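Structure assessment
The lines below spell out each chain.
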Amino acid sequence: MGACQKDFESAVNQVKLLKKDPGNEVKLKLYALYKQATEGPCNTPKPGLFDLINKAKWDAWNALGNLPKETARQNYVDLVSGLRSSSDSSSQVKSEADKKRAGYDTLVITSEDCITKIMLNRPAKKNALTTQMYREIMLALEAASKDDSTITVFTGNGDYYSSGNDLTNFTDIPPGGIEEKAKNSAILLRDFVDCFIDFPKPLVAVVNGPAVGIAVTILGLFDLVYASDRATFHTPFSHLGQTPEGCSSYTFPKIMGPAKAVEMLIFGKKLTAGEAYAQGLVTEVFPDSTFQKEVWTRLKAYSKLSQNAMHISKQIIRNHEKEKLHAINAEESRILQERWLSDECMNAVMDFFSRKAKL
Ligand SMILES: CCCC/C=C/CC(=O)SCCNC(=O)CCNC(=O)[C@H](O)C(C)(C)COP(=O)(O)OP(=O)(O)OC[C@H]1O[C@@H](n2cnc3c(N)ncnc32)[C@H](O)[C@@H]1OP(=O)(O)O
């Protein structure tokens, strides 16, 4: 039997009470079914190419074609009911996660053996970094700088370390338009990178798989970079109409020499883990089959070393460059703010979403 109007209205209200954001794909489905159930087939004009959000909504609604209103209503009710049951069961799992560290939606943070581990946790999206994720990472670093761990470790959940900046960050345009978006993003980028420049404890990257964009550049500010032999390192800035960030315009030439830095940062050459090791970006490469075991055994041994000596040594090694790094970060962020407004950059982002281009 089809869903009655009452069931439908109740489902509409339940959506507002969902504990967990169901993600953009599901939200688009809900939107499309709601419109179909209440207004029938889509017959409004298609939004312009640059109006990415409204275009995605229109596409989703239009894709329902002539689906009858009653069927759309029933599909909406079924979809919401599925979301409710998965959200109920995930809240049981969450109580387990709460034992780890509450308050983070995009990261899993654990502390064990004097090591705080910050794991990027959007495996279905290759751990692409959303605005929320940048903010949670900053909070996690702030907390880790004050907790009683000796070492802080970054890693990724799933097959990727991170695919860099989440390109949907560019599609969520505030009322002030794209200029305001670019300005806010530049502030966020600058604050984010500043947290790495200032982080007082030894910072270790456990690069479990491919890394792209800012997930690579920021490695120049880490103290150890351990990589699986499955990892790759790719900074396709020119492909995206963008320019280097994460202080890489300074750290990469310093680490690997200007010629190799140019290959990566200007021409977007993707490095294997072995190449990144040969060029000094990676400390050591491990076979993927034994990666986790070898790395964590090593880190557990390091974490027992004298905490104060390690922190003071880091200060001696890093402090004399801090001011310079902050200035470079400010300059890179300022330049990117302009780049994000360029046609080159906007077209590259649109290409990605229309699936014309993949790195
Ligand atoms: C505010 C601070 C700004 C700082 C700026 C930093 C600059 C950068 O970081 S530049 C680098 C930006 N990153 C990219 O351009 C990577 C884009 N992604 C890809 O090219 C591919 O997804 C991949 C090569 C990483 C993986 O390809 P693969 O075929 O294996 O998997 P997919 O099906 O493409 O990915 C699965 C799923 O994840 C979504 N996704 C992956 N990466 C991103 C991303 N960076 N932004 C947004 N979404 C991403 C992808 O769309 C898929 O989603 P669906 O399952 O919904 O289709």
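Preceding this section is the structure that the text describes.
Residues numbered from 1 in each chain as written. Predicted model: local features only at pLDDT ≥ 70, side-chain atom pairs only at ≥ 80, totals over all residues. Heavy atoms only, no water.

Below, the discussion takes up a nonpolar patch on the surface. Together, Ile173, Ile178 and Leu341 make up a nonpolar patch on the protein surface, roughly 200 Å² of accessible area in all. Relative to the helices and strands, Leu341 is located in the loop between helix H12 (307–339) and helix H13 (343–353). Residue class for Leu341 comes out partly exposed when judged on its relative accessible area of 31%. (Patch = residues over 30% accessible without salt bridge, like charges linked within 9 Å, V, L, I, M, F, W, Y side chains within 5 Å. Areas by Shrake-Rupley, 256 points an atom, 1.4 Å probe, with all protein chains shown as cover. Salt bridge = Lys/Arg side-chain N within 4 Å of Asp/Glu carboxyl O. Helix = DSSP H or I, 4+ residues; strand = E, 2+ residues; numbered from the N terminus. Buried < 20%, exposed > 50% of the residue type's maximum accessible area, 1.4 Å probe, protein only.)

The subject of this paragraph is the pairing of strand S4 (residues 203–207). Counting buried residues in S4 gives five out of five residues, a clear majority hidden from the surface. The side-chain alternation of S4 yields two buried faces, one formed by Leu203, Ala205 and Val207 and the other by Val204 and Val206. Two elements, strand S3 (residues 151–156) and S4, share four bridges in a ladder whose sense is parallel. From the neighbouring strand, Phe154 faces S4, where its bridge partner is Ala205. Tracing the backbone out of S3, into helix H6 (residues 177–198) and back to the parallel element S4 gives a crossover that is right-handed. Where S4 and strand S6 (residues 224–228) come together, four bridges link them in parallel fashion. Following the sheet pairing, Val207 is matched in S6 by Ala227. (Pairing = 2+ DSSP bridges. Right-handed = clockwise from strand over helix to strand, strands pointing away.)

Glancing now at the sheet that holds strand S2 (residues 115–120). The strand order across the open sheet built from six strands is S1-S2-S3-S4-S6-S9, with neighbouring strands paired in mixed fashion. Edge strands, defined here as strands with exactly one partner in the open sheet, are strand S1 (107–112) and strand S9 (284–286). In this sheet, adjacent strand axes meet at a mean angle of 20° when their direction is disregarded. (Axes fitted to C-alpha atoms, helices over the stretch in contact; angles between N-to-C directions.)

Let's shift gears to the packing of aromatic side chains. A complete count under the given rule lists 12 aromatic pairs for this structure. With centroids separated by 4.8 Å and ring planes inclined at 85°, the aromatic side chains of Tyr134 and Phe192 adopt a geometry described as edge-to-face. Within this pair, whereas Tyr134 is found in helix H5 (residues 131–146), its partner Phe192 is found in helix H6, the two being separated by 58 residues in sequence. A relative accessible area of 3% places Phe192 in the buried class. Aromatic ring contacts, followed pair by pair, group Tyr134, Phe154, Phe192, Phe196 and Phe222 into a single cluster. The ring of Tyr31 is capped by Lys57, whose NZ or CZ atom sits 5.1 Å from the centre of that ring. (Phe/Tyr/Trp six-rings, centres within 6.5 Å; stacked < 30°, edge-to-face > 60°. Lys NZ or Arg CZ within 6 Å of the ring centre and 35° of its normal.)

This paragraph deals with empty space enclosed by the protein. Where empty space is left becomes clear once a probe the size of a water molecule has been rolled over the atoms. For the structure shown, the criterion picks out two cavities of 30 Å³ or more. When its volume is computed, the largest cavity comes out at roughly 100 Å³. Lining the largest cavity are Leu120, Leu129, Ile137, Phe154, Tyr161, Ser162, Phe192, Phe196, Ile214, Ala215, Ile218 and Phe222. If you list the elements that add at least two residues to the lining of the largest cavity, you get H6 and helix H7 (214–217). Within the lining of the largest cavity, the residues separate by chemical class into 11 nonpolar, one polar and no charged. In this structure, the second largest cavity encloses a volume near 50 Å³. Forming the boundary of the second largest cavity are Phe196, Ile197, Leu221, Lys314, Arg318 and Leu325. Listing elements by their share of the lining of the second largest cavity, those giving two or more residues are H6 and H12. (1 Å grid on protein atoms, 1.4 Å probe; cavity = no way out; pocket = protein on both sides within 12 Å on 5 of 7 lines; lining within 4 Å. Points joined across faces, edges and corners; volume = space filled by probe spheres on them. Nonpolar A, V, L, I, M, F, W, Y, C, P; charged D, E, K, R; others polar.)

Let us look at the site of the ligand. Taken together, 25 residues form the shell around the ligand, and within it Lys125, Ser163, Asn165, Leu167 and Arg355 come nearest. In the environment of the ligand, an oxygen atom lies 3.5 Å from a nitrogen or oxygen atom belonging to the backbone of Ala124. Measuring from an oxygen atom of the ligand, one finds a backbone N or O atom of Asn165 at 2.9 Å. Within the complex, 81% of the 1,100 Å² of free accessible area of the ligand lies under protein. Counted by class, the shell around the ligand contains 12 nonpolar, six polar and seven charged residues. (Near = heavy atom within 4 Å. Polar contact = N/O pair within 3.5 Å; in protein donor to acceptor, adjacent residues only side chain to side chain.)

We now examine the layout of surface pockets. By volume, the second largest pocket amounts to about 330 Å³. Lining the second largest pocket are 19 residues; nearest its centre among them are Gly220, Leu221, Phe222, Ile255 and Arg318. Residue assignment for the lining of the second largest pocket shows that the elements contributing at least two residues are S6, helix H8 (248–256) and H12. Taken together, the residues of the lining of the second largest pocket sort by class into 11 nonpolar, four polar and four charged.

Turning to unusual backbone geometry, a few remarks are in order. One non-glycine residue, Asn127, lies in the positive phi region at around 55°. Secondary-structure assignment places Asn127 in the loop between S2 and H5. Given a relative accessible area of 0%, Asn127 falls into the buried group. With phi around 70°, Cys247 is a residue other than glycine that occupies positive phi space. Looking at the secondary structure, you find Cys247 in the loop between strand S7 (232–234) and H8. For Cys247, a relative accessible area of 0% translates into the label buried.

These figures come from the coordinates and say nothing about function on their own.
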